[in-house]
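Structural characterization, general
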Amino acid sequence: MEVISKTLFWVANSLLIPDIIILLFLFGRSLLLIGSFYDQFMTKRKNDKAIGNKIKELSGLSMDELRAVIPKNDNSLFIKYLRDLLTTPPSEAYSDFLISNFENEADKDLALSKMLAKMGPVLGLIGTLIAMSPALVGLSTGDISGMAYNMQVVFATTVVGLVVSAIGLVTLQTKQRWYAKDVNNLDYVSRILTEKKN
């Protein structure tokens, strides 16, 4: 039994360095996500001002007016699919196909945020529990400096894991709202196009 517990202890301790490396990688990735999220936010805000009201008034407007306000150099996901929807002949089957593709690409964009939101706390907890064991050993043997060092690792992994998770969760929820609105807008435009064709 003692051999098994020592082997288990050795395996658990050997996971601390990979855990910290992966946590630092995810922290760097979450910082990059904040930058791209800010860029997406600014683009979306600008596009909503330009296109939002035109889509609401679409039943009374001509499609040419909507085409005229679509930014030429913008290749954001929604604009790309809206441009495709407006430049192809109206068809219910193609519109459904296009909206399904949009949802798939939106889900792909959300994958990183989902992963950060779930993996941050898991890796933080793993680092916490692994580093807690040597800290308790240091406390029982009277090695206060060793215990203090291990407690620093305990708190650092927890904090970094929670920060990574918070970034993932905030970006995930915000993007989900954006994409739900975009799907609704694409569906509305496709219905109006089909009605005008008929």
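Everything below is about the structure printed above this text.
Report follows, based on the coordinates. Remember, predicted model here, so these are calculated numbers, not experimental data.

Moving on: the side chain of Ser 30. Its location among the elements puts Ser 30 in helix H2 (residues 16–56). The exposure class of Ser 30 is buried, given its relative accessible area of 0%. Within the structure, Ser 30 has its side chain in polar contact with the backbone oxygen of Phe 27 (distance 2.6 Å). Every residue in contact with Ser 30, bar those within four places of it in the chain, is listed here: Leu 116, Val 164 and Ile 167.

The next thing to look at is the layout of surface pockets. The volume enclosed by the largest pocket comes to roughly 330 Å³. Taken together, 20 residues form the lining of the largest pocket, with Gln 40, Ser 76, Leu 77, Trp 178 and Tyr 179 sitting closest to its centre. Listing elements by their share of the lining of the largest pocket, those giving two or more residues are H2, helix H4 (77–87), helix H5 (92–141) and helix H6 (144–197). The element that contributes the greatest number of residues to the lining of the largest pocket is H2, accounting for nine residues. Partitioned by chemical class, the residues of the lining of the largest pocket number seven nonpolar, six polar and seven charged.

Approximately 40 degrees is the largest bend angle found in H2, and it occurs at Asp 48. Listing the buried residues of H2 in full gives Leu 16, Asp 19, Leu 23, Leu 26, Ser 30, Leu 33, Phe 37, Lys 44, Asn 47, Ile 51 and Ile 55.

What follows covers the environment of Ile 79. Among the secondary structure elements, Ile 79 is positioned in helix H4. Residue classification places Ile 79 among the buried residues on the basis of a relative accessible area of 0%. Residues Ile 79 and Thr 174 lie 95 residues apart in sequence; the distance between their C-alpha atoms is 18 Å. When neighbours within four sequence positions are excluded, Ile 79 is seen to be in contact with Asn 47, Ile 51, Ile 70, Pro 71 and Asp 74.

So, about the packing of aromatic side chains. Under the criterion given, the structure shown has five aromatic pairs. Each ring, one from Tyr 81 and one from Phe 102, has its centre 5.5 Å from the other, and the planes form 80 degrees; the classification is edge-to-face. With Tyr 81 in helix H4 and Phe 102 in helix H5, the pair connects residues that are 21 residues apart, well separated along the chain. According to the relative accessible area criterion, Phe 102 is buried, its value standing at 0%. Here Tyr 94 and Phe 97 contribute two aromatic rings whose centre-to-centre distance is 6.1 Å and whose plane-to-plane angle is 40 degrees, an arrangement assigned as tilted.

Looking now at the nonpolar core. Leu 82, Leu 86, Phe 102, Leu 186 and Val 189 are the most contacted members of the largest nonpolar core, which totals 25 residues. Breaking this core down by element, the ones donating at least two residues are H2, helix H3 (63–69), H4, H5 and H6. Residue contacts for Leu 82: discarding those within four places in its chain leaves Ile 51, Ile 70, Leu 186 and Val 189. Membership of the second largest hydrophobic core comes to eight residues, among which are Leu 23, Leu 26, Leu 112 and Val 164.

Here we take up the pattern of salt bridges. The final tally for this structure, using the stated rule, is seven salt bridges. The salt bridge involving Lys 181 is made with Asp 48; its shortest N-O contact spans 3.7 Å. Of this pair, Lys 181 sits in helix H6 while Asp 48 sits in helix H2; the two residues are 133 residues apart in sequence, bridging distant segments of the chain. Taking relative accessible area as the criterion, Lys 181 reaches 43% and is therefore assigned partly exposed.

About the thresholds
Within each chain, residue numbers correspond to sequence positions counted from 1 in written order. This being a predicted model, a pLDDT of at least 70 is required before a residue's local features are given, and a value of 80 or more before pairs of side-chain atoms are given or counted; all residues contribute to the totals for chains, interfaces and linings. Only hydrogens and water are set aside when side-chain values are computed; all heavy atoms of the structure are taken into account. Numbering goes from the N terminus for both helices and strands, where a helix is a DSSP run of H or I of at least four residues and a strand is a run of E of at least two. Buried, partly exposed and exposed residues are distinguished by accessible area as a fraction of the type maximum, computed with a 1.4 Å probe on protein chains only: under 20%, between the cut-offs, and over 50%, respectively. In the analysis that follows, any N or O atom pair within 3.5 Å is treated as a polar contact, provided that within protein one partner can donate a hydrogen and the other can accept it, and provided that, for residues neighboring in sequence, both atoms belong to side chains. Note on contacts: a residue pair qualifies if any of its non-hydrogen atoms lie within 4.5 Å across the two residues. Lining residues are those with an atom within 4 Å of a point, where the points come from a 1 Å grid over the protein atoms alone and group into cavities, where a 1.4 Å probe fits but cannot get out, or pockets, open sets with protein on both sides within 12 Å along at least five of seven lines. Grid points are joined across faces, edges and corners, and a volume is the space filled by probe spheres set on the points. When residues are sorted by character, Ala, Val, Leu, Ile, Met, Phe, Trp, Tyr, Cys and Pro go into the nonpolar class, Asp, Glu, Lys and Arg into the charged class, and all the rest, Gly among them, into the polar class. The angle between axes fitted to the seven-residue stretch ending at a residue and the seven-residue stretch beginning at it gives the bend at that residue. Any two of the Phe, Tyr and Trp rings considered here, Trp counted by its six-membered ring, make a pair once their centres fall within 6.5 Å; the pair's planes then place it as stacked at under 30 degrees, edge-to-face at over 60, or tilted in between. Take the buried residues of types Ala, Val, Leu, Ile, Met, Phe, Trp, Tyr and Cys, join any two whose side-chain atoms come within 4.5 Å, and each joined set is a nonpolar core. Any Lys or Arg side-chain nitrogen located within 4 Å of an Asp or Glu carboxyl oxygen qualifies as a salt bridge.

In short, the description is geometric, and any link to function would need to be established separately.
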